[in-house]
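Here is what each chain is made of, one letter per residue.
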Amino acid sequence: MTEPSVSLEALRQRIDALDNDILRLISERAACAQEVAAIKAEHEPGGVFYRPEREAQVLRRVMELNHGPLDSEEMARLFREIMSACLALEQPVKVAYLGPEGTFTQQAALKHFGESAISLPMAAIDEVFREVEAGAVNYGVVPVENSTEGVINHTLDSFMDSSLRICGEVVLRIHHHLLVSETTRRDKVSRIYSHPQSFAQCRKWIDAHFPQAERVPVSSNAEAARLVKTEWHSAAIAGDMAAKLYGLARLAEKIEDRPDNSTRFLIIGNQDVPVSGEDKTSLVVAMRNQPGALHDLLEPFHRHQIDMTRLETRPSRSGVWNYVFFIDFKGHRDEPRVAAMLEEVKLRAADVKVLGSYPAGVL
Ligand SMILES: O=C(O)C(=O)C[C@]1(C(=O)O)C=C[C@@H](O)C=C1
């Protein structure tokens, strides 16, 4: 065997020296964040410490500057945690999410706010809204649409009665696994628990591999995982967080029918977020029930060349207008082009509510 040109010992000494630098620099960065917090507290009474637009800019810059060998997403995740710790030093952030523990929504909350945020599970989407409205937590995280199954109506409906604004979005690739406990008789699985959305996302796989199994819908994937702990003939369809939380093994991995299966979550809060450079805006629009109403609504988007990313129709709950439209588009309400378009839409619509302009998801 030939001797390596640099010895293991020498490389470890270099790593130690680099770690000293990293440690010093992270501490300096944290001290800077503390100074930022002091300025916010002094100049902005009731100061808002969490700044989604700035965080998005920091992460985008890191991804742009990165030249490897770590890939850009990995690098951004590291910086995500550094910022999360810096923000916690300024003011610990409390986040309510659609629980229970172990759901994909908890995973989304972690991905967006990092490990230093305090996250609290809620039993239902409207409870997440209520907790933020009551000021018991600073932000909320709720699912809004899935690439396979479409929109989550509960979330859209909650926005109709709420004054909360959207402060951010996070997109999560959703991987489902068939999970069993150590006591499960793997050859005798006769019942599968999961959330109805997850059953829908894995339908073909279950039909092919467990056509005879009883499919029992439950309120969340995490609840499915919890039930499996005590039943020797049952399995659950859930994700990594639930598997880890309940110590379950994967009988089959990534069983979702579509490999690009992903869910989009929204961050809800009480603040208007400034321009980050790559933003989205969400609206609810009520139109008068007359011929050509939808065309009238869409025309200004087309003329101002605004890129609509989603259009959903929901029955109005007020009874005054028959339908309302939920619209997402690229751009920020403070950009002149977007502001001009919004003014025109307001003239044509019976009612327009801007739910928020916020940074497009980075990670
Ligand atoms: O720039 C700020 O306003 C900060 O508070 C600093 C910082 C960061 O660590 O970079 C921390 C929290 C904010 O959400 C945004 C950025």
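What counts as what
Chains are numbered independently. Their residues run from 1 in the order of the written sequence. The model is predicted, so local features are restricted to residues of pLDDT at least 70 and side-chain atom pairs to those at 80 or more, both for listing and for counting; the totals for chains, interfaces and linings are taken over all residues. Side-chain numbers come from the whole structure's heavy atoms, not from hydrogens or water. What pLDDT conveys is the predictor's confidence in a given residue, as a value from 0 to 100. Helix numbers and strand numbers start at the N terminus; a helix is a DSSP run of H or I with at least 4 residues, a strand a run of E with at least 2. The buried label applies to any residue whose accessible area, calculated with a 1.4 Å probe on protein chains only, is under 20% of its type's maximum; exposed applies above 50%, and partly exposed to all values in between. At least two bridges found by DSSP between two strands is the condition for calling them paired. Whenever a carboxyl oxygen of Asp or Glu lies within 4 Å of a side-chain nitrogen of Lys or Arg, that contact is scored as a salt bridge. For helices, the fitted axis covers only the stretch in contact; all axes are lines through C-alpha atoms, and the angles between them, taken along N-to-C directions, range from 0 to 180 degrees. Orientation labels follow simple angle bins: below 35 degrees gives roughly parallel, above 145 gives roughly antiparallel, 65 to 115 gives roughly perpendicular, and whatever is left gives oblique. For a crossing to be left-handed, the near helix must be turned anticlockwise from the far one by less than a right angle; the clockwise case is right-handed. The contact rule is simple, with two residues in contact once any of their heavy atoms fall within 4.5 Å. Polar here means any residue other than Ala, Val, Leu, Ile, Met, Phe, Trp, Tyr, Cys and Pro, which are nonpolar, and Asp, Glu, Lys and Arg, which are charged; Gly is therefore polar. UniProt positions are given in the numbering used here, feature names are shortened, and annotations may be inferred rather than shown by experiment.

A. Here's a closer look at the confidence of the model for the protein. When pLDDT is averaged along the protein, the result is 93, and 98% of the positions lie at 70 or above. Here strand 4 (residues 150–151) stands out as the element of the protein with the lowest mean pLDDT, 84, in contrast to helix 2 (residues 52–65), whose mean of 98 is the highest. Predicted as a complex, the structure gets a pTM of 0.92 and an ipTM equal to 0.99.

B. Spotlight on the pairing of strand 12 (residues 279–286). Of all eight residues that make up strand 12, eight are buried, and the element is covered over most of its length. Residues Asp279, Thr281, Leu283 and Val285 point to one face of strand 12 and Lys280, Ser282, Val284 and Ala286 to the other, with burial holding for every one of them. Bridge count for strand 12 against strand 15 (residues 351–359) is eight bridges, and the pairing is antiparallel. Considered in strand 15, the bridge of Ser282 is made with Gly356.

C. How the structure looks around the pattern of salt bridges. Throughout the structure, instances matching the rule amount to 30 salt bridges. Across the salt bridge formed by Arg191 and Glu214, the nearest N and O atoms sit 3.1 Å from each other. Residue Arg191 is found in strand 7 (residues 191–194), and its partner Glu214 is found in strand 8 (residues 214–217); the two are separated by 23 residues along the sequence. We classify Arg191 as partly exposed; its relative accessible area is 22%. Here Glu299 and Arg303 are joined by a salt bridge, their closest N and O atoms 2.9 Å apart.

D. Quick peek at the packing of helix 1 (residues 8–43) against helix 3 (residues 72–90). Contact geometry for helix 1 and helix 3: axes closest at 9 Å, N-to-C directions at 40 degrees. In terms of axis orientation, helix 1 runs oblique to helix 3. Judged by the sense of rotation from one axis to the other, the crossing of helix 1 with helix 3 is right-handed. Residues Ile26, Arg29, Ala30, Ala33, Gln34, Val36, Ala37 and Lys40 of helix 1 form the contact with helix 3, whose own contacting residues are Ile82, Met83, Cys86, Leu89 and Glu90. Class assignment of the residues belonging to the contact of helix 1 with helix 3 gives a composition of nine nonpolar, one polar and three charged.

E. Molecular detail of the sheet that holds strand 10 (residues 249–252). Ordered in space as 8-7-9-6-10, the five strands form an open sheet in which the pairing is mixed. Edge positions in the sheet fall to strand 8 and strand 10, since each has one partner strand and no second. When the angles between neighbouring strand axes are averaged without regard to direction, this sheet yields 35 degrees. As paired elements, strand 7 and strand 9 (residues 234–238) share three bridges and run parallel to each other. Note on strand 9: the bridge partner recorded for Ile192 is Ala235.

F. Structural view of the UniProt feature "domain: Prephenate dehydratase" (unreviewed entry) in the protein. Mapped onto this structure's residue numbering, the UniProt feature "domain: Prephenate dehydratase" (unreviewed entry) falls at residues 94–270. End C-alpha to end C-alpha, residues 94–270 measures 13 Å, and it is 32% helix and 33% strand.

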